[in-house]
Amino acid sequence: MRVISSVSRSQTTSGTTIRPFIAYPKADPLLIRQGERVQIELVNQTMMWHPMHLHGHFFRLLQGAGDRAPLKHTVNVAPRESVRIEFTADNPGRWFFHCHNLYHLEAGMARVFEYESPKS
Ligand SMILES: [Cu+2]
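Starting from 1, residues in each chain are numbered consecutively following that chain's sequence as written. Confidence filtering applies because this is a predicted model: local features only for residues at pLDDT of at least 70, side-chain atom pairs given and counted only at 80 or more, and all residues used for totals across whole chains, interfaces and linings.

Before going further, it helps to examine the overall build of the chain. Counting secondary structure elements, the chain contains one helix and 11 strands. In DSSP terms, a helix is any run of H or I states spanning at least four residues, a strand is any run of E spanning at least two, and both are numbered starting from the N terminus. From first element to last, N terminus to C terminus, the chain shows the α and β order β-β-β-β-β-β-β-β-β-β-α-β. With C-beta atoms placed from the backbone, the exposure class of a residue follows from how many other C-beta atoms lie within 10 Å of its own: 20 or more, buried; 12 or fewer, exposed; in between, partly exposed. Residues counted as buried form 15% of the 120 residues belonging to the chain. Placing a C-beta atom from the backbone of each residue, one calls two residues in contact when those atoms lie within 7 Å. In the chain, the share of contacts with a sequence separation of at least 24, taken over all contacts with a separation of at least 6, comes to 66%.

In this section: the pairing of strand β11 (residues 110-115). Being paired, for any two strands, means DSSP has found at least two bridges between them. Pairing of strand β3 (residues 30-32) with β11, which is carried by three bridges, proceeds in the parallel orientation. Note that in β11 the partner of Leu31 across the bridge is Glu114. Across five bridges, the pairing between strand β10 (residues 94-99) and β11 is antiparallel. Among the inter-strand pairings, Phe96 is bridged to a residue of β11, identified as Val112.

One open sheet holds the five strands; their spatial order is β3-β11-β10-β5-β8, and the pairing between them is mixed. This sheet does not close on itself; its edge strands, each paired only once, are β3 and β8 (74-77). Taken over all neighbouring pairs, the strand axes of this sheet differ in orientation by 20° on average, direction set aside. Across three bridges, strand β5 (residues 50-54) lies against β10 in antiparallel orientation. Counterpart to His53 in the pairing with β10 is His98. Lines fitted to C-alpha atoms define the axes, with helix axes restricted to the stretch in contact, and inter-axis angles between N-to-C directions lie between 0 and 180 degrees.

What follows concerns the confidence of the model for the chain. Confidence of the predictor at the level of single residues is captured by pLDDT, which takes values from 0 to 100. Here the chain averages 81 in pLDDT, while 80% of its residues score no lower than 70. For the stretch residues 6-20, pLDDT sits under 50, and the model shows 21 contacts to residues farther than four places along the chain or on other chains.

Attention shifts here to the environment of Ile40. Here Ile40 is to be found in strand β4 (residues 37-43). Assessed through the 23 C-beta atoms surrounding it within 10 Å, Ile40 is described here as buried. Measuring from C-alpha to C-alpha, the distance between Ile40 and Ile85 comes to 5.3 Å, with 45 residues separating the pair along the chain.

Here it is, written out as structure tokens:
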């Protein structure tokens, strides 16, 4: 499973970073800034289901539902499928994002979203 994060830094520009899956806890935290919209594409390259759960935020599931995109804290990513989620960074701290199959979590299928400290 790969996590591709696309963090929009402003209304007019967006940056895309491809982050190959590196097992937690060795993986770097995913740095976000307060107030920004964070989009994550979850690419499931396995033949297993991965119920991905985000702490500290609710996210919208961007699957063509427009304004009716469901608000969730867990999305079950089907084998060989991809989903795109979006949340607003409005709860500063360090938040765990992980597969809820515990044997996947124990194998390192997890990342941490960490808020960058505001620059003075
Ligand atoms: Cu999993």
